[in-house]
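# Geometric and topological summary
What follows is the residue order along each chain.
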Amino acid sequence: MVAARRTPRPSDKPDKPRPVLVTGFDPFGGDALNPSWLVAQALHRRQIGGHRVVVAQLPTVFGDSLKRLNALLAAHRPALVICLGLAATRAAISLERIAINVNDARIADNAGAQPIDTPVVAGAPAAYFSTLPIKAMQAEMNWAGIPAEVSQTAGTFVCNHVFYGLMHRLATGRGLKGTRGGFIHVPMLPEQGAPSLPLDRMVEGLRIGIRTALALQHDVRLGAGAVD
Ligand code: PCA
């Protein structure tokens, strides 16, 4: 007797590694460009640690930025999510430790909104920690000669808004079990002023950071605290 052929099921396919999602923002506050988007673009379609990088731009707008991010999370179901933004006063790649549940805008966003002391998600926890191995990522970037630091605040503008919304969705959203993520601020480009970092060093720093995050499920114990 010939054994009946079993109909192939989707689960028979060898698991394709889920992608890494990297986002950057459009220019804001009168700037002509936003290096966070240039860094993201430079990483598009790269293979890092066996995963393909997909990138997308978020608008520097409260609310709309998170709608776009949530749609991207649903579409890609990434293994890892890194949202990038510009922090013009910083000299190093800033690995953000914590997202807080507040919007308090010193300047208007790109749609003219300037919320003051509103929650990102009403009734949700006060804060979430990044689930990226930020200490290990900092160490690996520094060993490669790229300035990087752990940052204790992502501010209270659209970057923190997106960071908080991302972490809340990863903590509570369906189909995102095991997805880790966080936020990284990058400095200005040399042509924008000082302090700054050249684009190729930011891109290399991110490549190293992504590789490290994919390789390590848990962070290493290294001091990177701040006294003030
Ligand atoms: N930086 C801003 C928002 C967009 C960006 O690139 C921030 O740090 O909040």
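Up top you'll find the structure we're talking about.
Residues numbered from 1 in each chain as written. Predicted model: local features only at pLDDT ≥ 70, side-chain atom pairs only at ≥ 80, totals over all residues. Heavy atoms only, no water.

Let's shift gears to the site of the ligand. Every residue lining the ligand is accounted for by Phe 25, Phe 28, Asn 34, Thr 60, Gly 85, Leu 86, Phe 157, Val 158, Cys 159 and His 185. A distance of 2.8 Å is found between an oxygen atom of the ligand and a side-chain nitrogen or oxygen belonging to Asn 34. Within the side chain of His 185, one N or O atom sits 2.8 Å away from an oxygen atom of the ligand. Considering the ligand on its own, with 260 Å² of exposed area, one finds that the protein chains cover 93% of that surface. A majority-of-atoms criterion places the ligand in the largest pocket. Secondary structure elements with two or more residues in the shell around the ligand: β4 (80–86) and α4 (158–172). (Near = heavy atom within 4 Å. Polar contact = N/O pair within 3.5 Å; in protein donor to acceptor, adjacent residues only side chain to side chain. Areas by Shrake-Rupley, 256 points an atom, 1.4 Å probe, with all protein chains shown as cover. 1 Å grid on protein atoms, 1.4 Å probe; cavity = no way out; pocket = protein on both sides within 12 Å on 5 of 7 lines; lining within 4 Å. Sits in = over half its atoms within 2 Å of the grid points. Helix = DSSP H or I, 4+ residues; strand = E, 2+ residues; numbered from the N terminus.)

Moving on, we get to the packing of aromatic side chains. Summed over all chains, the structure comprises 5 aromatic pairs. Geometrically, the ring pair formed by Phe 163 and Phe 183 is tilted, given 5.9 Å between the ring centres and 40° between the ring planes. Taken together, the positions of Phe 163 in helix α4 and Phe 183 in strand β11 (residues 180–186) put the pair 20 residues apart, joining distant regions of the chain. By relative accessible area, Phe 183 is classed as buried at 1%. Ring pairing ties together the aromatic residues Phe 25, Phe 163 and Phe 183, which thus form one cluster. (Phe/Tyr/Trp six-rings, centres within 6.5 Å; stacked < 30°, edge-to-face > 60°. Buried < 20%, exposed > 50% of the residue type's maximum accessible area, 1.4 Å probe, protein only.)

For the coordinates displayed, the defined rule picks out 0 disulfides. Counting only cysteine sulfurs, Cys 159 is the nearest neighbor of Cys 83, a cysteine outside any disulfide, at a range of 9.0 Å. With a relative accessible area of 0%, Cys 83 lands in the buried category. (Disulfide = S-S within 2.5 Å.)

Once that is clear, we can look at the layout of surface pockets. Leftover empty space is mapped by rolling, across the atoms, a probe with the size of a water molecule. The computed volume of the largest pocket comes to approximately 430 Å³. Lining of the largest pocket is provided by 19 residues; of these, Phe 28, Leu 86, Ala 87, Arg 106 and Phe 157 occupy positions nearest its centre. Grouping the constituent residues of the lining of the largest pocket by class yields 10 nonpolar, 6 polar and 3 charged. The volume enclosed by the second largest pocket comes to roughly 190 Å³. Taken together, 13 residues line the second largest pocket, and the ones lying closest to its centre are Ser 130, Leu 132, Pro 133, Ile 134 and Asp 219. When its residues are assigned to classes, the lining of the second largest pocket shows 5 nonpolar, 4 polar and 4 charged. (Points joined across faces, edges and corners; volume = space filled by probe spheres on them. Nonpolar A, V, L, I, M, F, W, Y, C, P; charged D, E, K, R; others polar.)

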